[in-house]
Amino acid sequence: MYMPFFFDPTMIILLPAVAIAIYAQYKVKSAYNKYSEIRSKSGFTGADIAQRLLQNNNISDVKVKRIKGELNDHYDPSDKVLNLSEDVYGSSSLAAIGIAAHEAGHALQDYDNYKPLSIRAKLVPAANIGSQAGLPLAIFGFFLQSQIMIGIGFVVFLAAVLFQLVTLPVEFNASNRAISSLNSGGYLDSEELQGAKKVLRAAAFTYVAATLVAFANLVRIIMLFGMGSRD
């Protein structure tokens, strides 16, 4: 059966997941913008909170660093660096405090040898290759009528799916640690804590959406394999 190279009949599977991912990005941006305008009563900045949570847990080998960009905050377990974007590092907003505490939560996971975090770190190289090469290999294999190539694409892309699956408990656990630490430390009152929670819940939704997109693409590869076998 001849089919133009640019036409992929499995794209319909991806559309709902992409729509959810776009909505998730809107929600996190909306929550971030809203709670970036509300300053905490304590006056602590994101950097202050990160440092205090590390000190409270006797973690002295992690540096808190300011980086350029927006919403690109992350903890690097290999270098023991907690990277905070400029708007989070120096801001005392509820959004900044929530995000900083979340990243500190990752440092706490590392300190506690939280298994999903180490598994995710080990999956990064394979996941990067899988996310970039898995689906193109499968699509190319479909048009070349190569079941082997589609199968390789499936196996390679599976690493990206596993990475997304492991990411979910890692991110949810870091947020739970953040909220618990902010509450027990008295850094935010009950009303402020609700604002921080909303920012972190919106951020968590983006990871759920990313997992749905990964699963949708995995289903696409399975469909391509099935269609290829019928041709």
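Read on for a plain summary of the structure.

Points about helix α1 (residues 11–36)
Turning to step 1, where the next piece is worked out: Helix length check: α1 (26 residues) gives 37 Å between terminal C-alpha atoms against 38 Å at 1.5 Å per residue, within 8%.
Turning to step 2, where the next piece is worked out: Among the residues of α1, L14, A17, A24, V28, A31, Y32, Y35 and S36 are the ones counted as buried.

Observations concerning the environment of P136
Turning to step 1, where the next piece is worked out: By secondary structure assignment, the location of P136 is in helix α5 (residues 115–143).
Turning to step 2, where the next piece is worked out: Overall, P136 belongs to the partly exposed group, its relative accessible area being 44%.

Points about the pairing of strand β3 (residues 81–85)
Turning to step 1, where the next piece is worked out: Along β3, 5 of the 5 residues are buried, which leaves the element largely enclosed by surrounding structure.
Turning to step 2, where the next piece is worked out: Judged by which residues are buried, β3 turns out to be covered on both faces: V81, N83 and S85 on one side and L82 and L84 on the other are all buried.
Turning to step 3, where the next piece is worked out: Between the antiparallel neighbours strand β2 (residues 74–76) and β3 lie 4 residues, among them K80 with a positive phi of about 55 degrees.

What about the packing of α1 against helix α4 (residues 94–111)?
Turning to step 1, where the next piece is worked out: Interaxial distance between α1 and α4 falls to 6 Å at its minimum, and their mutual angle equals 120 degrees. Considering the angle they form, α1 stands oblique to α4. In this structure, α1 uses Y32, Y35 and S36 to contact α4, whose residues at the interface are L94, A95 and I99.

A few points about the packing of aromatic side chains
Working definition: an aromatic ring pair is given by the centre-to-centre distance plus the angle between the planes.
Turning to step 1, where the next piece is worked out: The full count for this structure, using the stated rule, is 4 aromatic pairs.
Turning to step 2, where the next piece is worked out: For the ring pair Y23 and Y26, a centre distance of 6.3 Å and an interplane angle of 35 degrees mean the geometry is tilted. Here Y23 and its partner Y26 are both found in helix α1, 3 residues apart, which amounts to about one turn of the helix.
Turning to step 3, where the next piece is worked out: With relative accessibility at 45%, the residue Y23 sits in the partly exposed group.
Turning to step 4, where the next piece is worked out: The exposure class of Y26 is exposed, given its relative accessible area of 53%.
Turning to step 5, where the next piece is worked out: Of the aromatic side chains, those joined through ring pairs into one cluster are Y23, Y26 and F205.

Thresholds applied
- Residues numbered from 1 in each chain as written.
- Predicted model: local features only at pLDDT ≥ 70, side-chain atom pairs only at ≥ 80, totals over all residues.
- Heavy atoms only, no water.
- Helix = DSSP H or I, 4+ residues; strand = E, 2+ residues; numbered from the N terminus.
- Expected span 1.5 Å × (residues − 1).
- Buried < 20%, exposed > 50% of the residue type's maximum accessible area, 1.4 Å probe, protein only.
- Pairing = 2+ DSSP bridges.
- Axes fitted to C-alpha atoms, helices over the stretch in contact; angles between N-to-C directions.
- Parallel < 35°, antiparallel > 145°, perpendicular 65-115°, else oblique.
- Contact = heavy atoms within 4.5 Å.
- Phe/Tyr/Trp six-rings, centres within 6.5 Å; stacked < 30°, edge-to-face > 60°.

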